[in-house]
Amino acid sequence: LLVAEATLWFEGRINLPTIVEFSLGRIGKIITIILFLFLFYCLFVAYLDAGGNLFSEMLSYTLNTPVQHYVGVFSCMMFVATIAYT
C-alpha cells in the first residue's frame, strides 16, 4: 500500500526505481535496479527448476523410460523460449 500511495504522489506513469531515485537519489535507484534484477533471476531459476521437474515427469510418463532432471529443465527452457520468441 505504501508503494501505491507513493505512486499517486507523482503525475503520469512512474515506476519504483523512479520513486526511489526521488527519495534516495541515484545510488538508491541503482541498488533498487540491481535488487530487481536479482529477484527476477531468482524467480526465473525457481520456475525453470519446477518446470523442469514437471517436464521430466511428463517425458518419463510419455516415453516409459526415466528422464534426467536436466533434460526436463532444458525442454522447459526451450518451451518458454519458443513462447517468448513468438
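Quick note: structure is the one above.
These remarks concern the structure in this document. (Residues numbered from 1 in each chain as written. Predicted model: local features only at pLDDT ≥ 70, side-chain atom pairs only at ≥ 80, totals over all residues. Heavy atoms only, no water.)

The helix and strand tally for the chain stands at 4 helices and 0 strands. Mapped in sequence order, the helices and strands of the chain form the string α-α-α-α. The C-alpha radius of gyration of the chain comes to 20 Å, more than 25% above the 12 Å expected for a compact globule of 86 residues. With the principal axes as the frame, the chain shows a C-alpha extent of 60 × 25 × 25 Å. Considering only contacts within the chain whose residues lie at least 6 apart along the sequence, 15% involve residues at least 24 apart. For the chain, the accessible surface area stands at approximately 7300 Å², while carbon and sulfur atoms represent 72% of it. (Helix = DSSP H or I, 4+ residues; strand = E, 2+ residues; numbered from the N terminus. Rg over C-alpha atoms; globule rule 2.2 N^0.38 Å. Contact = heavy atoms within 4.5 Å. Areas by Shrake-Rupley, 256 points an atom, 1.4 Å probe, with all protein chains shown as cover.)

Attention now goes to the packing of helix 3 (residues 26–63) against helix 4 (residues 69–85). One way to put it is that helix 3 packs onto helix 4 with a least axis distance of 7 Å and a crossing angle of 110°. With respect to each other, helix 3 and helix 4 are oriented roughly perpendicular. Contacts between helix 3 and helix 4 involve Leu 48, Asp 49, Gly 51, Gly 52, Asn 53, Phe 55, Ser 56 and Leu 59 from the first element and His 69, Val 71, Gly 72, Val 73, Ser 75, Cys 76, Met 77 and Phe 79 from the second. For the contact of helix 3 with helix 4, the residue count by class is 8 nonpolar, 7 polar and 1 charged. (Axes fitted to C-alpha atoms, helices over the stretch in contact; angles between N-to-C directions. Parallel < 35°, antiparallel > 145°, perpendicular 65-115°, else oblique. Nonpolar A, V, L, I, M, F, W, Y, C, P; charged D, E, K, R; others polar.)

Here the focus is the side chain of Thr 32. Mapped onto the elements of the fold, Thr 32 is located in helix 3. Under the relative-accessibility criterion, Thr 32 is labelled buried at 14%. In contact with Thr 32, other than residues within four places in its own chain, are Pro 17 and Val 20. (Buried < 20%, exposed > 50% of the residue type's maximum accessible area, 1.4 Å probe, protein only.)

Looking now at the pattern of salt bridges. If you walk through the whole model with that rule in mind, you get 1 salt bridge. For the salt bridge of Lys 29 with Glu 21, the shortest nitrogen-to-oxygen distance reads 3.4 Å. A relative accessible area of 24% means that Lys 29 is categorised as partly exposed. (Salt bridge = Lys/Arg side-chain N within 4 Å of Asp/Glu carboxyl O.)

This part covers unusual backbone geometry. Unusually for a residue other than glycine, Asn 64 sits at a positive phi of about 55°. Along the chain, the position of Asn 64 falls in the loop between helix 3 and helix 4.

A few words on a nonpolar patch on the surface. Among the surface-exposed residues, Ile 27, Ile 30, Ile 31, Ile 34 and Leu 35 lie close enough to one another that they form a single nonpolar patch of about 490 Å² accessible area. Tracing the backbone shows Leu 35 in helix 3. In this structure Leu 35 comes out as exposed when scored by relative accessible area, which is 53%. (Patch = residues over 30% accessible without salt bridge, like charges linked within 9 Å, V, L, I, M, F, W, Y side chains within 5 Å.)

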